[in-house]
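Structural characterization, general
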Amino acid sequence: MKRFLPYVAASFTGIQVGAALVASEVVVSTTGAAGLGFLRYLIASIVLVPFWIASQKPRIKCSDIWPISFIGIGQFGLLIAMLNIAVLLASSARVSFIFATLPLATLAFERAVFHMHISKTETFAILLSLLGIGVLLGTDLYASATGPFEVLGLLAALVATLTGAVCSVYLRPYVQKYGGAQVSLLAMLASLVPLGAFAAWEPQGLSMEGWTHITALLVVGIGLSSGASFWCWLYALSRIPVGHVTAFLGLSPVTATILSITFKQDAVTISVITALGFILTALLVLVFAKETKPPA
């Protein structure tokens with residue numbers, strides 16, 4: 001049973017990412033991209049404090065504080081700011097499609113920089129998952145006219161994806177050494193500095209003027225779920241291969257679609273059912289695959 005806990009944690013992260021993208025699309029025009037990121041991780045940091053206190057891992061050495069903080073600014077600062085800009089300019093469904101390519105970006109980065117061996121089973125599972133996502137969103141991508149602002153939004157999503165791939169790989173050894181709670185808390189706190197600075201330059205600033213109750217609830221929900229989600233993300237990273245963890249981001253566009261069907265009464269189409277089949281099959285293949293080992 002313990003073997004599957006990291007996969008459950010990775011699944012929760014994938015689902016939360018999709019839900020948070022939809023919620024962010026609703027509120028980002030009111031809060032601002034950097035402002036939403038700042039509030040998101042301020043709340044998430046508070047969530048992680050009890051886990052940090054209860055952690056049995058050794059405290060982070062002074063020599064590791066700066067590299068973890070630098071990676072955190074990328075993982076929780078640049079990445080989330082780019083995603084918020086992306087959903088401000090393009091639909092959350094399209095953004096989730098781009099962001100779901102993170103598994104391939106991570107595997108490619110690992111192979112290029114660290115010469116990690118990627119098994120055929122892992123590659124097949126990732127491609128199968130992306131095929132499902134392509135079926136789900138491909139019709140919308142090609143049937144709709146894509147304006148210049150939407151292109152900029154998708155480029156911002158691509159920057160977020162590449163940032164996530166690099167940071168996921170470099171954070172992993174620190175997570176294994178110090179635990180997910182400590183590393184994620186330090187990384188999030190470090191990201192608040194640039195996010196707060198950029199938020200101050202936005203027209204909205206950090207003011208809550210003009211917020212509705214729905215806006216406040218969504219922002220708090222994004223923050224609380226992000227704290228839990230990133231702890232799960234780092235917990236999974238410390239126990240299973242990076243490519244396995246990031247593959248579960250394939251659940252994010254599925255989540256976004258289900259939320260649209262539930263709350264916007266969108267029709268259930270054959271493409272949705274087909275995509276779910278591809279993605280669930282890919283996840284099962286990945287869960288039962290043997291861990292990747294470097295070549296002798």
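Residues numbered from 1 in each chain as written. Predicted model: local features only at pLDDT ≥ 70, side-chain atom pairs only at ≥ 80, totals over all residues. Heavy atoms only, no water.

Counting its secondary structure elements, the protein chain contains twelve helices and zero strands. Looking at the protein chain as a whole, 52% of its 296 residues are labelled buried. Residue pairs at least 24 apart in sequence account for 91% of intrachain contacts in the protein chain once pairs closer than 6 positions are excluded. Carbon and sulfur atoms make up 74% of the accessible area of the protein chain, which totals about 13900 Å². (Helix = DSSP H or I, 4+ residues; strand = E, 2+ residues; numbered from the N terminus. Buried < 20%, exposed > 50% of the residue type's maximum accessible area, 1.4 Å probe, protein only. Contact = heavy atoms within 4.5 Å. Areas by Shrake-Rupley, 256 points an atom, 1.4 Å probe, with all protein chains shown as cover.)

Describing two packed helices takes the angle between their axes plus the distance from one axis to the other. Interhelical geometry of helix 1 (residues 5–31) versus helix 3 (residues 62–89) gives an angle of 75 degrees and a closest axis separation of 9 Å. Considering their axes alone, helix 1 and helix 3 lie roughly perpendicular with respect to each other. Contact residues: Leu-21, Ser-24, Glu-25, Val-28 and Ser-29 in helix 1; Leu-83, Asn-84, Val-87 and Leu-88 in helix 3. Classifying every residue of the contact of helix 1 with helix 3 by side-chain character gives five nonpolar, three polar and one charged. (Axes fitted to C-alpha atoms, helices over the stretch in contact; angles between N-to-C directions. Parallel < 35°, antiparallel > 145°, perpendicular 65-115°, else oblique. Nonpolar A, V, L, I, M, F, W, Y, C, P; charged D, E, K, R; others polar.)

Here the focus is helix 2 (residues 33–54). Note on helix geometry: an α-helix contains 3.6 residues per turn, so any two residues three or four positions apart are oriented the same way. For helix 2, built from 22 residues, the straight-helix expectation of 32 Å at 1.5 Å per residue is met to within 8% by its first-to-last C-alpha distance of 33 Å. Leu-48 marks where helix 2 bends most, by close to 35 degrees; the proline Pro-50 follows one to four residues later. (Expected span 1.5 Å × (residues − 1). Bend = angle between axes of the 7 residues up to and from the residue.)

With that settled, consider a nonpolar patch on the surface. There is a patch of nonpolar side chains on the surface, built from Phe-149, Val-151, Leu-152, Leu-155, Leu-158 and Leu-162 and spanning about 560 Å² of accessible area. Considering the arrangement of structural elements, one finds Leu-152 in helix 7 (residues 148–178). (Patch = residues over 30% accessible without salt bridge, like charges linked within 9 Å, V, L, I, M, F, W, Y side chains within 5 Å. Salt bridge = Lys/Arg side-chain N within 4 Å of Asp/Glu carboxyl O.)

Turning to the packing of aromatic side chains, a few remarks are in order. Within this structure, the stated rule accounts for five aromatic pairs. Relative to Phe-248, the ring of Tyr-7 has its centre 5.9 Å away and its plane inclined at 50 degrees; by these criteria the two rings are tilted. With a gap of 241 residues between them, Tyr-7 in helix 1 and Phe-248 in the loop between helix 10 (242–247) and helix 11 (251–264) connect regions that are remote in the sequence. Residue classification places Tyr-7 among the buried positions, given a relative accessible area of 6%. (Phe/Tyr/Trp six-rings, centres within 6.5 Å; stacked < 30°, edge-to-face > 60°.)

Membership of the largest hydrophobic core comes to 76 residues, with the highest contact counts inside it found for Tyr-41, Leu-83, Val-95 and Val-183. Excluding its chain neighbours within four sequence positions, the residues that come into contact with Val-183 are Ile-60, Ile-68, Leu-171, Tyr-174, Val-175, Tyr-178 and Leu-234. (Core = buried A, V, L, I, M, F, W, Y, C linked by side-chain atoms within 4.5 Å.)

At Glu-25, helix 1 shows its strongest bend, of approximately 45 degrees. Gly-32 sits one or two positions beyond helix 1 and adopts a positive phi of about 85 degrees.

This part is about the confidence of the model for the protein chain. Reading fine detail from the predicted coordinates is not recommended where pLDDT is low. Averaged over all residues, the pLDDT of the protein chain equals 83, while 89% of them reach at least 70. Every residue in residues 292–296 scores below 50 in pLDDT, and together they form eight contacts with partners more than four places removed in sequence or on other chains. (pLDDT = per-residue confidence, 0-100.)

Viewed as axis vectors pointing N to C, helix 1 and helix 4 (residues 92–99) meet at an angle of 145 degrees, and their least axial separation amounts to 9 Å. As for how helix 1 packs across helix 4, the hand of that crossing is right-handed. Where helix 1 approaches helix 4, its residues Val-17, Leu-21, Val-22 and Glu-25 are matched on the opposing element by Ser-92, Val-95, Ser-96 and Phe-99. Residue composition of the contact of helix 1 with helix 4, by class: five nonpolar, two polar and one charged. (Left-handed = near helix turned anticlockwise from the far one by under 90°.)

Another point: the side chain of Gln-75. With respect to the helices and strands, Gln-75 occurs in helix 3. According to the relative accessible area criterion, Gln-75 is buried, its value standing at 3%. Excluding residues that lie within four positions of it along the chain, Gln-75 makes contacts with Ile-80, Gly-164, Cys-167, Ser-168, Leu-171, Phe-230 and Trp-233.

Take Leu-186: it is sitting in helix 8 (residues 180–201). Expressed as a C-alpha distance, the spacing of Leu-186 and Ser-45, which sit 141 residues apart in the sequence, is 8.5 Å. When residues no more than four places from it in sequence are discounted, the contact partners of Leu-186 are Ile-60, Ile-65, Ile-68 and Ser-69.

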